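Below are the chains, spelled out letter by letter.
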Amino acid sequence: ETQPAKVVGGDFYDFVEPGPGRAGILIGDVSGKGVPAALTMARLLAEFRIRVLEEPSPSAVLQALNTAQSSRQTRGIFCTMAYVELDVATGKLRCANAGHHAPIVLGAEDVWECGHASGPPVGVLPEFAWSEGEAQLAPGEMVLLYTDGVIEARQGGPVGEAAATALEYGEAALMAFARSRRQAKPKEFAAELLGKVGAHCSPGVPHDDCTLIAMRYLGP
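Scope of this entry: the structure provided in the associated data block. For clarity, every value in this text was computed on a predicted model and none was experimentally measured.

Looking at helix α5 (residues 170-180)
Taken as a whole, α5 has its buried residues at Gly170, Leu174, Met175, Phe177 and Ala178. Looking at the buried residues of α5, the elements they touch are β6 (104-106), β7 (111-113), β9 (142-146), α3 (148-152) and α6 (186-201).

With respect to the pattern of salt bridges
Any two side chains of opposite charge can pair, given that their charged atoms come close. The full count for this structure, using the stated rule, is 9 salt bridges. Taking the shortest distance from any N to any O, the salt bridge between Arg51 and Glu54 comes out at 3.4 Å. In this pair, Arg51 and Glu54 both sit in helix α1 (residues 34-54), 3 residues apart, roughly one turn of the helix. Judged by its relative accessible area of 26%, Arg51 falls in the partly exposed class. Asp110 serves as the salt-bridge partner of Arg179, at 2.9 Å between the closest nitrogen and oxygen. You can see Arg179 sitting in helix α5 and its partner Asp110 sitting in the loop between β6 and β7, a full 69 residues away along the chain. Residue classification places Arg179 among the partly exposed positions, given a relative accessible area of 38%. Through salt bridges that share partners, Arg22, Glu85, Arg94 and Glu132 make up one connected network.

Side note on the packing of aromatic side chains
Tallied over the full model, the rule gives 4 aromatic pairs. The interplanar angle of 70 degrees and the centroid separation of 5.8 Å between the aromatic rings of Tyr13 and Phe15 together place this pair among those described as edge-to-face. Ring plane angle 65 degrees and centroid distance 5.0 Å describe the contact between Phe128 and Trp130, whose orientation is recorded as edge-to-face.

Each value, and the rule that gives it
Residues numbered from 1 in each chain as written. Predicted model: local features only at pLDDT ≥ 70, side-chain atom pairs only at ≥ 80, totals over all residues. Heavy atoms only, no water. Buried < 20%, exposed > 50% of the residue type's maximum accessible area, 1.4 Å probe, protein only. Helix = DSSP H or I, 4+ residues; strand = E, 2+ residues; numbered from the N terminus. Contact = heavy atoms within 4.5 Å. Salt bridge = Lys/Arg side-chain N within 4 Å of Asp/Glu carboxyl O. Phe/Tyr/Trp six-rings, centres within 6.5 Å; stacked < 30°, edge-to-face > 60°.

Interpretation in functional terms is not warranted from these geometric data alone.
Here is the structure:
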(Lines give C-alpha, C1' and ligand atoms only; values in the text may rest on other atoms or scores of the structure.)
Protein backbone atom coordinates (compact mmCIF):
# COMPACT_ATOMS: atom_id res chain seq x y z
CA GLU A 1 0.00 0.00 0.00
CA THR A 2 1.26 3.50 -0.77
CA GLN A 3 -0.20 6.93 -0.15
CA PRO A 4 1.73 9.83 -1.73
CA ALA A 5 1.74 13.21 -0.03
CA LYS A 6 1.87 14.96 -3.41
CA VAL A 7 0.96 14.11 -6.98
CA VAL A 8 4.53 12.94 -7.62
CA GLY A 9 5.87 11.06 -4.60
CA GLY A 10 9.40 10.09 -3.54
CA ASP A 11 8.69 6.62 -2.14
CA PHE A 12 9.36 3.56 -4.29
CA TYR A 13 9.22 -0.22 -4.09
CA ASP A 14 9.63 -3.26 -6.30
CA PHE A 15 9.10 -7.02 -6.19
CA VAL A 16 11.50 -9.33 -8.03
CA GLU A 17 12.49 -12.98 -8.45
CA PRO A 18 16.30 -12.77 -8.52
CA GLY A 19 16.66 -16.51 -8.96
CA PRO A 20 14.80 -19.82 -8.63
CA GLY A 21 13.14 -20.11 -5.24
CA ARG A 22 14.10 -16.57 -4.19
CA ALA A 23 11.81 -13.58 -3.65
CA GLY A 24 13.11 -10.04 -3.32
CA ILE A 25 11.49 -6.81 -2.12
CA LEU A 26 12.98 -3.34 -2.40
CA ILE A 27 11.58 -0.32 -0.58
CA GLY A 28 13.02 3.18 -0.44
CA ASP A 29 12.61 6.91 -0.24
CA VAL A 30 14.27 9.50 -2.46
CA SER A 31 15.24 12.76 -0.77
CA GLY A 32 13.02 15.61 -1.89
CA LYS A 33 9.78 15.47 -3.82
CA GLY A 34 8.44 16.29 -7.25
CA VAL A 35 9.94 15.64 -10.66
CA PRO A 36 13.66 15.44 -9.66
CA ALA A 37 12.87 12.77 -7.08
CA ALA A 38 10.67 10.91 -9.55
CA LEU A 39 13.42 10.87 -12.20
CA THR A 40 15.97 9.58 -9.69
CA MET A 41 13.50 6.92 -8.58
CA ALA A 42 12.85 5.79 -12.16
CA ARG A 43 16.58 5.45 -12.87
CA LEU A 44 17.18 3.54 -9.64
CA LEU A 45 14.36 1.09 -10.27
CA ALA A 46 15.57 0.43 -13.81
CA GLU A 47 19.10 -0.14 -12.50
CA PHE A 48 17.78 -2.36 -9.72
CA ARG A 49 16.00 -4.67 -12.16
CA ILE A 50 19.32 -5.28 -13.91
CA ARG A 51 21.61 -5.51 -10.89
CA VAL A 52 19.43 -7.83 -8.86
CA LEU A 53 19.91 -10.53 -11.53
CA GLU A 54 23.70 -10.05 -11.57
CA GLU A 55 24.70 -9.58 -7.93
CA PRO A 56 24.97 -12.49 -5.47
CA SER A 57 23.57 -10.85 -2.32
CA PRO A 58 21.42 -7.97 -1.02
CA SER A 59 24.50 -6.03 0.11
CA ALA A 60 26.09 -6.39 -3.34
CA VAL A 61 22.88 -5.08 -4.93
CA LEU A 62 23.04 -1.93 -2.77
CA GLN A 63 26.71 -1.42 -3.58
CA ALA A 64 25.97 -1.64 -7.31
CA LEU A 65 23.10 0.86 -7.00
CA ASN A 66 25.31 3.17 -4.95
CA THR A 67 28.03 3.12 -7.60
CA ALA A 68 25.49 3.96 -10.30
CA GLN A 69 23.86 6.75 -8.29
CA SER A 70 27.19 8.28 -7.21
CA SER A 71 28.43 8.35 -10.80
CA ARG A 72 25.53 10.59 -11.80
CA GLN A 73 26.69 13.32 -9.39
CA THR A 74 23.14 14.48 -8.75
CA ARG A 75 23.77 17.13 -6.13
CA GLY A 76 21.74 16.84 -2.93
CA ILE A 77 19.76 13.75 -3.96
CA PHE A 78 20.19 10.48 -2.10
CA CYS A 79 18.00 7.48 -1.34
CA THR A 80 17.35 5.46 1.78
CA MET A 81 16.47 1.88 0.90
CA ALA A 82 16.19 -1.63 2.26
CA TYR A 83 16.33 -4.76 0.15
CA VAL A 84 15.21 -8.10 1.57
CA GLU A 85 15.60 -11.45 -0.10
CA LEU A 86 13.76 -14.59 0.99
CA ASP A 87 14.81 -18.18 0.31
CA VAL A 88 11.39 -19.75 -0.14
CA ALA A 89 12.59 -23.30 0.55
CA THR A 90 14.21 -22.52 3.91
CA GLY A 91 12.51 -19.34 5.13
CA LYS A 92 15.86 -17.60 5.52
CA LEU A 93 15.55 -13.83 5.12
CA ARG A 94 18.53 -11.58 4.31
CA CYS A 95 18.41 -7.81 4.40
CA ALA A 96 20.76 -4.99 3.40
CA ASN A 97 19.77 -1.57 4.67
CA ALA A 98 21.07 1.81 3.48
CA GLY A 99 19.87 4.37 6.01
CA HIS A 100 16.30 3.05 6.04
CA HIS A 101 13.99 1.90 8.81
CA ALA A 102 14.57 -1.74 9.70
CA PRO A 103 12.04 -4.29 8.42
CA ILE A 104 9.83 -5.79 11.11
CA VAL A 105 9.28 -9.53 11.51
CA LEU A 106 5.82 -10.40 12.80
CA GLY A 107 6.44 -13.74 14.47
CA ALA A 108 4.03 -16.20 16.00
CA GLU A 109 4.81 -14.96 19.52
CA ASP A 110 6.14 -11.41 19.11
CA VAL A 111 7.47 -8.81 16.66
CA TRP A 112 11.05 -7.62 16.22
CA GLU A 113 13.23 -5.59 13.88
CA CYS A 114 15.64 -7.27 11.46
CA GLY A 115 18.30 -5.72 9.25
CA HIS A 116 19.02 -2.36 10.87
CA ALA A 117 20.80 0.25 8.74
CA SER A 118 24.49 -0.62 8.43
CA GLY A 119 25.47 2.52 6.54
CA PRO A 120 24.32 5.76 4.94
CA PRO A 121 21.71 6.17 2.19
CA VAL A 122 22.65 5.31 -1.38
CA GLY A 123 24.37 8.20 -3.14
CA VAL A 124 26.10 9.69 -0.08
CA LEU A 125 29.48 7.90 -0.12
CA PRO A 126 30.83 6.73 -3.51
CA GLU A 127 32.55 3.68 -2.00
CA PHE A 128 30.72 1.90 0.79
CA ALA A 129 30.01 -1.72 1.71
CA TRP A 130 26.81 -2.44 3.60
CA SER A 131 26.54 -5.51 5.81
CA GLU A 132 23.50 -7.79 6.06
CA GLY A 133 21.04 -8.81 8.72
CA GLU A 134 19.32 -12.18 8.79
CA ALA A 135 16.14 -13.72 10.18
CA GLN A 136 14.60 -17.18 10.06
CA LEU A 137 10.93 -17.17 9.14
CA ALA A 138 8.57 -19.97 10.09
CA PRO A 139 5.53 -20.67 7.91
CA GLY A 140 2.78 -18.17 8.72
CA GLU A 141 5.11 -15.39 9.87
CA MET A 142 5.09 -12.01 8.17
CA VAL A 143 7.56 -9.26 7.25
CA LEU A 144 6.71 -5.56 7.20
CA LEU A 145 8.67 -2.90 5.32
CA TYR A 146 7.74 0.78 5.50
CA THR A 147 8.93 4.32 4.82
CA ASP A 148 9.38 7.12 7.35
CA GLY A 149 6.14 8.83 6.36
CA VAL A 150 4.29 6.14 8.31
CA ILE A 151 5.84 6.78 11.71
CA GLU A 152 6.51 10.51 11.20
CA ALA A 153 2.89 11.29 10.29
CA ARG A 154 1.78 13.84 12.84
CA GLN A 155 -1.22 15.70 14.12
CA GLY A 156 -1.59 19.42 13.56
CA GLY A 157 -0.10 21.46 16.37
CA PRO A 158 2.66 23.85 17.41
CA VAL A 159 5.58 24.28 15.03
CA GLY A 160 8.97 23.13 16.31
CA GLU A 161 11.08 19.99 16.30
CA ALA A 162 10.22 18.86 19.83
CA ALA A 163 6.52 19.50 19.38
CA ALA A 164 6.45 17.78 15.99
CA THR A 165 8.20 14.66 17.34
CA ALA A 166 5.77 14.45 20.25
CA LEU A 167 2.84 14.50 17.83
CA GLU A 168 4.18 11.83 15.46
CA TYR A 169 2.48 8.45 15.07
CA GLY A 170 5.79 6.93 16.13
CA GLU A 171 7.56 3.57 16.20
CA ALA A 172 5.95 2.53 19.49
CA ALA A 173 2.46 2.82 17.98
CA LEU A 174 3.60 0.93 14.88
CA MET A 175 5.05 -1.93 16.92
CA ALA A 176 1.95 -2.08 19.12
CA PHE A 177 -0.30 -2.30 16.06
CA ALA A 178 1.94 -5.00 14.56
CA ARG A 179 1.68 -7.08 17.75
CA SER A 180 -2.08 -6.76 17.86
CA ARG A 181 -2.68 -7.62 14.19
CA ARG A 182 0.20 -9.95 13.32
CA GLN A 183 -2.24 -12.72 12.36
CA ALA A 184 -4.17 -10.51 9.91
CA LYS A 185 -3.99 -11.06 6.16
CA PRO A 186 -1.24 -8.87 4.64
CA LYS A 187 -3.63 -6.78 2.54
CA GLU A 188 -5.92 -6.16 5.51
CA PHE A 189 -2.95 -5.40 7.75
CA ALA A 190 -1.61 -2.76 5.35
CA ALA A 191 -4.99 -1.12 4.80
CA GLU A 192 -5.74 -1.00 8.52
CA LEU A 193 -2.34 0.48 9.36
CA LEU A 194 -2.72 3.24 6.78
CA GLY A 195 -6.15 3.88 8.23
CA LYS A 196 -4.61 4.24 11.70
CA VAL A 197 -2.04 6.70 10.38
CA GLY A 198 -4.72 8.69 8.58
CA ALA A 199 -6.87 8.83 11.70
CA HIS A 200 -3.87 10.01 13.72
CA CYS A 201 -3.44 12.97 11.35
CA SER A 202 -7.15 13.83 11.11
CA PRO A 203 -8.49 16.32 10.22
CA GLY A 204 -5.21 16.92 8.39
CA VAL A 205 -3.36 14.51 6.12
CA PRO A 206 0.14 12.96 6.36
CA HIS A 207 2.81 15.48 5.32
CA ASP A 208 5.03 12.81 3.73
CA ASP A 209 4.52 9.77 1.50
CA CYS A 210 3.36 6.68 3.41
CA THR A 211 4.35 3.32 1.91
CA LEU A 212 4.28 -0.11 3.51
CA ILE A 213 4.59 -3.69 2.32
CA ALA A 214 3.41 -6.73 4.27
CA MET A 215 4.48 -10.19 3.10
CA ARG A 216 3.52 -13.50 4.72
CA TYR A 217 5.77 -16.56 4.33
CA LEU A 218 3.62 -19.59 3.55
CA GLY A 219 6.43 -22.15 3.59
CA PRO A 220 8.27 -24.09 0.90
